[in-house]
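Structural characterization, general
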Amino acid sequence: MTSGVRVRFAPSPTGPLHIGGLRTALFNYLFARRRGGTFILRIEDTDVARSTPEYERDILTGLDWTGMRWDEGPDPDNGVDRGPYAPYRQMQRLDRYHEAAAALLAADLAYPCYCTPEELDAERKRQEAAHQPPRYSGRCARLAPEERAAFEREGRRPATRFRVADRTISFDDLVRGRVEIDAANLGGDFVILRADGTPLYHFTVVVDDADMDISHVIRGEEHLSNTPKHILLFEALGHDVPQFAHLPLILNPDRTKMSKRRSQTALSAYIDEGFIREAMVNYLVLLGWSTGTEQEILSLAELEQRFELDHVQKGGAVFDRERLEWMNGQWLRRLPPEELIDRLRPFLERELAAGRIERLPSDGEMRALLPMVHERLPTLAAIGDLVGFLFVDEVPLDRGVLVPKRWDAATTLDGLRAARDTIAGTGPVSFEADELEPALRALAEERGWKAGDLFMAIRVAVTGRTATPPLFDTLVALGRERALARLDRAIGLLEEHAARG
RNA sequence: GCCGCAUUCGUCUAGAGGCCCAGGACACCGCCCUCUCAAGGCGGAGAUCACCGGUUCGAAUCCGGUAUGCGGUACCA
């Protein structure tokens, strides 16, 4: 059943789940599913100062929300690790990094470095001033045992540095093709363990990928330049080098790497706005990838069958919110009614909590409402604006908007009174859209009004707004008594104004 | 600075030597539908395929250079 394909998504819980991270996760997930492989979630929490359990939670729930399921890693419900390579949090794997570092030290592939941050900083400044690329000098690379002992006596705690061999490193990136980098440009021997013993990213990522038998490393382009370091480490650890695939970056509108500063990057913010998983997944997968055909509406299930790395774009892709909104509409319209109602419920509850509506519609009411809102919903959060007027006692009325553009106040008053009588003349039983419409059209005709103007006056009187679902359905949804009461109130408002002159 | 990667309509993309004086989608503009708003349908505008050279009968597609952009260059991830 499972192939040898093992991929992983390895976020750092130093911030909420980011759109770019989500897409990386998605590509990994789809690649694993398509190839019958295993998708692993690993938490890279070695940046203790910035990592928090809350962010980890956000990442797990966000990922789970999309419908992706990971085969190994922390369980989305309780955070407990599942899988044969546990633990999947790096802070619980510290022993492994120390073990691996000790092995490198023993083989003289790494060495203790006693340079202080201040010394290194000064060195870098000197190089910068001399217009040389920053690079570790290798001062501690050939220390004699007695020199090390002397530093130790001074009380200096060494960091551990990995020896960078003098050669060219090349690899065949699955999206970019052959990449070659001269190790001389890597900045010299690099630190794998801090002086306090905690491991650094470049080291942990390789130890873990090796330990977990990761076959394909699919990640963002920002790691392309660091890949040679990783290759060197894989080799030093005596492990096969995985295949690499570097994804194009998701960009801000100014074409810099997408950032919190310039864009909305947190998945949770999009969820709050009422974007749905189908749209999010579909939109994101098309940022930097295409089917190679003109099809662009794709479900997760279909993507699992069709995704391949070969249509991945090389250039970065600007995040286009308008297109996401369109995509959201596409998927919202595809949702079965019952499903839509379920997803709308939390948003209605939120409207209630915020005091924008005074009661929650029942499921029956929602079912009746759905045909008139389904086509009109850009996001789930828009539901309040669309039907909120039905669930409040009184609608805000403004005389300015009450009077249709081509009408004056007197005509509006006249029109609303006539409409009120016509509507009142409809019995409670026959209060149906196809009863109301002909009657009101006849009224308009008889009085020489444009039906649209009359309808607009009624619309605003009963809903308080100019953009609403179709008028007659709206009246029916409101019910005869409430419709009449709202007309009366609007009429009263106009009369009062007229009386005042 | 150095190293690396990239570059097709405003945006996401199709395109792997002739099917392309470049196709689709979003956004935009018109028209249709229409009681408003949407949705939908139809149509339009929008790309000298970054630039310059080369290879070839023929290049968006292959090669070289240039430019621009982005990324990396930490005892961050």
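For the structure, see preceding data.
Residues numbered from 1 in each chain as written. Chains lettered and ligands numbered in written order. Predicted model: local features only at pLDDT ≥ 70, side-chain atom pairs only at ≥ 80, totals over all residues. Heavy atoms only, no water.

**As for the side chain of Thr412**
Within the secondary structure, Thr412 sits in helix H16 (residues 409–424). Engagement of the side chain of Thr412 in a polar contact is seen with the backbone oxygen of Asp408, the distance being 2.8 Å. Setting aside chain neighbours within four positions, we find Thr412 in contact with Leu402, Val403, Pro404, Trp407, Ala457 and Leu494. (Helix = DSSP H or I, 4+ residues; strand = E, 2+ residues; numbered from the N terminus. Polar contact = N/O pair within 3.5 Å; in protein donor to acceptor, adjacent residues only side chain to side chain. Contact = heavy atoms within 4.5 Å.)

**Things to note about the layout of surface pockets**
Its boundaries defined by the atoms lining it, the largest pocket holds a volume of some 1,200 Å³. If you trace the largest pocket, you find 42 residues lining it, with Pro11, Ser12, His18, Gly21 and Glu222 closest to the centre. Listed by contribution, the elements that provide at least two residues to the lining of the largest pocket are strand S1 (6–9), helix H1 (19–34), helix H6 (201–211) and strand S10 (216–220). By residue number, the principal contributor to the lining of the largest pocket is H1, which donates five residues. Considered class by class, the residues forming the lining of the largest pocket number 17 nonpolar, 14 polar and eleven charged. Computed from the structure, the second largest pocket encloses a volume of approximately 450 Å³. The wall of the second largest pocket is formed by 21 residues, among which Cys115, Pro117, Leu120, Arg161 and Val191 lie closest to the centre. (1 Å grid on protein atoms, 1.4 Å probe; cavity = no way out; pocket = protein on both sides within 12 Å on 5 of 7 lines; lining within 4 Å. Points joined across faces, edges and corners; volume = space filled by probe spheres on them. Nonpolar A, V, L, I, M, F, W, Y, C, P; charged D, E, K, R; others polar.)

**Observations regarding the pattern of salt bridges**
This structure, assessed with the given rule, holds 50 salt bridges. Across the pair Glu308 and Arg34 runs a salt bridge whose closest N-O atoms are separated by 2.9 Å. Separated by 274 residues along the polypeptide, Glu308 in the loop between helix H10 (300–306) and strand S13 (317–318) and Arg34 in helix H1 bring together distant segments of the chain. Of the charged contacts in the structure, one is a salt bridge between Arg323 and Glu296, with a shortest N-O distance of 3.2 Å. Here Arg323, found in helix H11 (residues 321–334), pairs with Glu296, found in the loop between helix H9 (277–285) and H10; they are 27 residues apart in sequence, far enough to count as distant. Judged by relative accessible area, Glu296 falls into the partly exposed class, the value being 30%. (Salt bridge = Lys/Arg side-chain N within 4 Å of Asp/Glu carboxyl O. Buried < 20%, exposed > 50% of the residue type's maximum accessible area, 1.4 Å probe, protein only.)

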